[in-house]
Amino acid sequence: MADHRTNCCLLLPAFKIPLTLGAEGHFWWQLWSYFLSEGFCFVFLNNSNEQHCYGVSIMLYTNNITSDFSQDLIYLANKLLKVRTKLDDKYVREEPMIRGPKFLVRLRSHMVFENTPVKIFCTVEGFPICSTDDTAQYTAMAVNLHGQASSQASIIVKSNSTISFILSLFFAPASMLPKIHYTKIHITFLEMFGPVFATEGESATLSATMTLEPNLANLQPEAQWYRDDTRLFDSKWVKIETGRGFSKLTLPNLYKDDEGLYTLRMVTKGGTAEHSAFVSVADGPPPVPAAPGAPMDIEIHDANRDYVIVSWKPPNTTTEGPILGYFVDKCEVGTENWTQCNDHPIKICKYPVSGLFEGHSFYFRVRAVNSHGISKPSRMSDPITAMDPTEFERLHGVSAPEVAYANVHIVNYTMGFVSRLCLFRFVVSGLTTGETYVFRVQAINELGLSDESQESAPLTVKAALTNPSAPYDIALLYCDGHSMILNWKKPLRSGGAKIKEYYVDKRRSGTTMWREVHIPPTTERVYKVENLTEGAVYQFQVYGANLAGLGPASKHSEDLTCDAWTMPEPGPAYDLTFCEVRDNSLVVEWQKPVYTGSGPITGYHVEYAKKGTANWITANEKAASHRFLKVTGLEVGTTYVFRVRAVNAVGVGMASMASDPVTAKAVAGSQEVSCVVDEKSGDIVLSFESCQINEGSKFIWKKDYKEITDFSKGVVIKSEGTHSKLIFKNADKEDFGTYSVSVTNTEGVSSSYTISNEELAKMLALSYDIRHPVIPLKSELAYKILERGRMRFWLQAEEISSNVTYKFFANNKELSGPNKMAHDVATGIIEFIMDHFTEESEGTYTCQITDGGGKAQSSLVLIGNVFCKSLCPFSRLPLMFLFTTGPHFSEFLSLQIGDDCSVTLVCKVANLKKESVFHWFREDTEIIPDVKPDLGSGVCKLTIREFSLKTAGIYKATISDDRGKDMSQINISGKVFDDAINKLSQLAGASAAELVINCTATGIQLQFDASAVMWLIIFSLIDLQVVEPVEKDKGKYSIVITDPENSHKRTLDLSGDGQYFQYFSSLISFPPESIPVVGGLPDVVTIMEKKTLSLTCTVCGDPKPQVSWLKNGSEVEPDDQYVVSLDQGKFASLTIKGVSMEDSGRYTMIVQNKYGGESVDIVVSVYRHGEKIPEAKPTLTPKTIIPPKLPIEIPQPKPQPAPSAAPSTPSPAAPKAALGRGMKTRQKKRNHWCTIRTHIAEKPLLVFSIWIEMELILFALN
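Rules used in this analysis
- Residues numbered from 1 in each chain as written.
- Predicted model: local features only at pLDDT ≥ 70, side-chain atom pairs only at ≥ 80, totals over all residues.
- Heavy atoms only, no water.
- Helix = DSSP H or I, 4+ residues; strand = E, 2+ residues; numbered from the N terminus.
- Buried < 20%, exposed > 50% of the residue type's maximum accessible area, 1.4 Å probe, protein only.
- Contact = heavy atoms within 4.5 Å.
- Polar contact = N/O pair within 3.5 Å; in protein donor to acceptor, adjacent residues only side chain to side chain.
- Pairing = 2+ DSSP bridges.
- Axes fitted to C-alpha atoms, helices over the stretch in contact; angles between N-to-C directions.
- Lys, Arg positive; Asp, Glu negative; His and termini not counted.
- Salt bridge = Lys/Arg side-chain N within 4 Å of Asp/Glu carboxyl O.

Per an unreviewed UniProt entry, the chain goes by the name Myomesin 2 and belongs to Neolamprologus brichardi.

Rendered as structure tokens:
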């Protein structure tokens, strides 16, 4: 545009302007002002001269402005039209039209020190030219995290009808341009993205292509992406790319937060077109098995000067164990150090983080904890700045106060000032770089100085930040004919701060105008330059930027031609770095090529040459399969350069750009990594001590020259001062390899250690021995035969402490009895005494010892001939020879069951005298029997009454006098107890009484009495009750008592042929309507408050029953709200008018007459208007039967003689069935469990189970 207007200026003629202005002269000044505003040039002449303008052959004679205004105007128009005709013939003139603005010079990012001015400018071009509609107030605004500032200006555009008329002769006025009508763009999706199922940590891409009709370059639709109706924008977590006819969204690192319904919405002036699909994100592998998923949707609230509130949502998975709490982590912006904020897990999803530094910005993340471990961290939050809200308001419009500064001191000085605000800042100058200072403050007013403040933390003065130096060595990594991938080396001097951004410029070779390749800066040193012309030759330059600002441009690259790479060999490797530089060797590392050629890369060759020579030597004849190589055979003090070539199946590829020069000379004082197994913990430890350490230095540990970032397998890095350790808590056989460490911000201090497979196996074995120490034994487990059938097992350790613990096992069953075990710390002997060593004692005996961290185990096998040999002394010697030292048991305790179902403990004692004393014990509690033991006969008995599980346990008997003591015990549990119960069952079944019948007001009862034989042992009475009997309940009723060997059956005939039929028939003829019943009421009622509730049901009975209502157990008193009624003797109701929340509860309806009755419960739940209707959960509460007021007497039948015993084999169990009408069983007294099954007319009606010491099966047969 500027070049075009310059040409116009050269071609326009010069005009004469009258020196004396009349009324018409004012018009000329307006006309000239317009042309001047458009950039035309004029030459001012006096009345008598004529002037050509740069060879234009048209002259304009305007000595005086005549009164005939129209003639002059026509004359002027004709001349200007001729000039315009010549312009149109020679130049293409851009017509004014309506279109959007365009940046000729764009805004550019800047980095400056605080308190320094910033000037941001740009140049904008746009059409149409300004009109009266553009009259307005315009505002420019600058914003950063500390506040905002703005500036305003008013622009007034005036209108002049005369000028408009003149302009209409040369330009088409805006009023004559056709009005633009927006055309509806029809969008048709061609390829649409579908549902995506991915896992955390993976990436996902959603893309769609479409056709536009019409497809106008200036009227492209806007692509908008949404997740669950939330608009998405380009960010660290979301990458959006949109072009002509396509749109793509990329999620580079998936989290659970990314799950949802994704929608692409194409927006035009005439409407929208959209497409949606769901993205499912599964949980990634947890750090430890069964650990919970990561928390979601982390948000920051209520930011203040030293705290913020962090909230989040729990993980959405439920397969793991319950969440026990959460840990909140923080990281200051600009660092990578995450610190845990809370020491103990918090149970709610909100936590206030305190202790922040004012003015600092932080990231936050959350981890969940369950019983198995800690989850992966959530996605980190957006950065938040700790700032006082009042300070934020001040920065957004409150003017700063005037501050009077007094004397400022460092360490021993004082700083005082007067201010109306609580936030003060003061710049202290004259400090020395590298020195550490402490500050304190005093306040001052008209009365004097305040006390000194608390001293600040020590602060070290660092060197001032400067701009970084220029990047260098721009290299081409790949070209596809339309784009190039570039790489460059970072600046040699960072300026005291990390280099965070790079800017890339390009130009055609042979031109001087550089153009920016990208507006947002790139943070990586590999960048893809797109939209290049195939075959064109380009040059590139790169800038680096840090906190101080933008550094100088690099030296431009060599000429790079944009031709597609098609060679079959690989492209160049890049980013060559060095570590472990020694006098004769060093390690080279590099990055793999971007272009791999026609096949995968199989290896690399490393070449080196002395600096300044071109004699390249290949360091490895065999291609290295990894991306590092230790080069040996170097000359000490010699400087070398290196390069790398990649290899594939076709051949050797392009060489990388030569590395920076490196000298083969070890850093003074450098040390190597050492590897040991910790003697206490058994951990494998790699240790390194750095000979150099500077501020900001860090230890970077790598395995096979890849940084270690996975610490889930028990790998721990501990660094302190100049020392650093890599610790393997749970090393395994896969941990072999080369481990290297480097120290940042030093002169290349680094070292490595290679753990081979064989060395790792030895260290793992040593680690196991340290973690599992063995207690040395002087002698293994042995035995010694004692008197009275006892056996001593013992072993001896080299050394034991007083805290030693041990266990003895026989056939994998632990032997109990703390009084029988003993140990001697002085001798190291551990022993166990077995009281009764019999033929059943054959097997394997083991002793396990634990003393501190040490363990030991010894076993003794007494099986076959060895066992017979150990048992031989007891079987060969006479009994009296074994027991001659005092009173003893000649027969140990045994359990006997009598024919009358009595249970008795029996034993025999011998070698007694008058002073011998006998005692009974159960579970170490003495039992005082009703009858003293008969020591004269030598037989002692103890009767166990009410034999059951309650009386089971360990029983002991002791006999003692002044000659000694002997003891016998028996464990009545398990098999011993079961055998006793089976024996009792056999006796009870054989002696059980016959079934008897008992009629009641509600039905009949069949009773079975076993008290004759079982007294209080099991039960006294079991009955079966038939409620409201009907014809189909007639039949033969039987009870079968079974034990493991036999069964015993008792039968009662209630059929038409039996003698008890008359009682059954009389009970059936008893009118069932005489007993009141109720029906029609629901279990649960829900109703909104202020409504009317009516509970109505039908009742029947003869005589007419009485009805009463209860609420929560209290009788309902009728009043204006509660109305109770009984219509026609059969319709009972309770009406509650205007129910309220207090009317919620359990209501009971009772209906009864002299024959009994029933009661029914109804739960009423009242809810408020607008609340969710509570879910009705009915409870299966049966009706309650109310017994009659007066008993109904029915003659009792005579007992029948006992039928013959049932067959010896037990009757088969009947199949289970649902409860039949009118049938119910009950057990009046029970101490044990049994199984009862009921059948009527060969159809199962009732099955239920209770525990008893014998199995009881109840039948009713036709």
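**Student:** What is the right way to read the environment of Glu274 from this model?
**Tutor:** Tracing the chain through its elements places Glu274 in strand E13 (residues 271-282). The class of Glu274 is partly exposed, set by a relative accessible area of 46%. Excluding residues that lie within four positions of it along the chain, Glu274 makes contacts with Phe189, Thr263, Leu264 and Arg265. Polar side-chain contacts of Glu274 include one of 2.9 Å to the side chain of Arg265.

**Student:** Looking at this structure, how should I read the sheet that holds strand E15 (residues 307-313)?
**Tutor:** Hydrogen bonds between backbone atoms are what pair the strands of a sheet, whose relative direction is either parallel or antiparallel. Strand order in the open sheet formed by three strands is E14-E15-E18, and the pairing between neighbours is antiparallel. At either end of the open sheet lies a strand with only one pairing partner, and these are strand E14 (296-301) and strand E18 (350-354). For this sheet the average axis-to-axis angle between neighbouring strands, irrespective of direction, equals 25°. Sheet topology note: the E15/E18 ladder contains five bridges and is antiparallel. Bridge pairing in E18 links Val310 to Tyr351.

**Student:** Explanation requested: the side chain of Asp1143 in the structure shown.
**Tutor:** Structurally, Asp1143 can be placed in the loop between strand E78 (1131-1136) and strand E79 (1145-1153). Buried charged residue Asp1143 carries no salt bridge. Nearest counter-charge: Lys1111, at 4.0 Å. Looking at Asp1143, its side chain comes within polar contact range of the side chain of Gln1121, at 3.2 Å. At a separation of 2.9 Å, a polar atom in the side chain of Asp1143 contacts the main-chain amide nitrogen of Ser1140. Aside from chain neighbours lying at most four places away, what touches Asp1143 is Lys1111, Gln1121, Tyr1122, Ile1136, Gly1138, Val1164 and Val1166.

**Student:** For this particular structure, what's the right way to read the pairing of strand E59 (residues 854-862)?
**Tutor:** Consecutive side chains along a regular strand alternate between the two faces of the sheet. Going residue by residue along E59, you find Gly854, Ala856, Ser858, Leu860 and Leu862 tucked away on one face and Lys855, Gln857, Ser859 and Val861 left uncovered on the opposite face. The sheet contact formed by strand E58 (residues 843-851) and E59 spans nine bridges and is antiparallel. If you follow Tyr845 over to E59, its bridge partner there is Leu860.

**Student:** Hey, could you run me through the environment of Val903 in this one?
**Tutor:** Position of Val903 relative to the elements: it lies in strand E61 (residues 903-910). Residue class for Val903 comes out buried when judged on its relative accessible area of 0%. Along the primary structure Val903 and Ala980 are separated by 77 residues, whereas in three dimensions their C-alpha atoms are 8.3 Å apart. Once residues lying within four places of it in the same chain are set aside, the contact partners of Val903 are Leu895, Gln896, Ile897, Leu942, Thr943, Ile944, Phe947 and Leu984.

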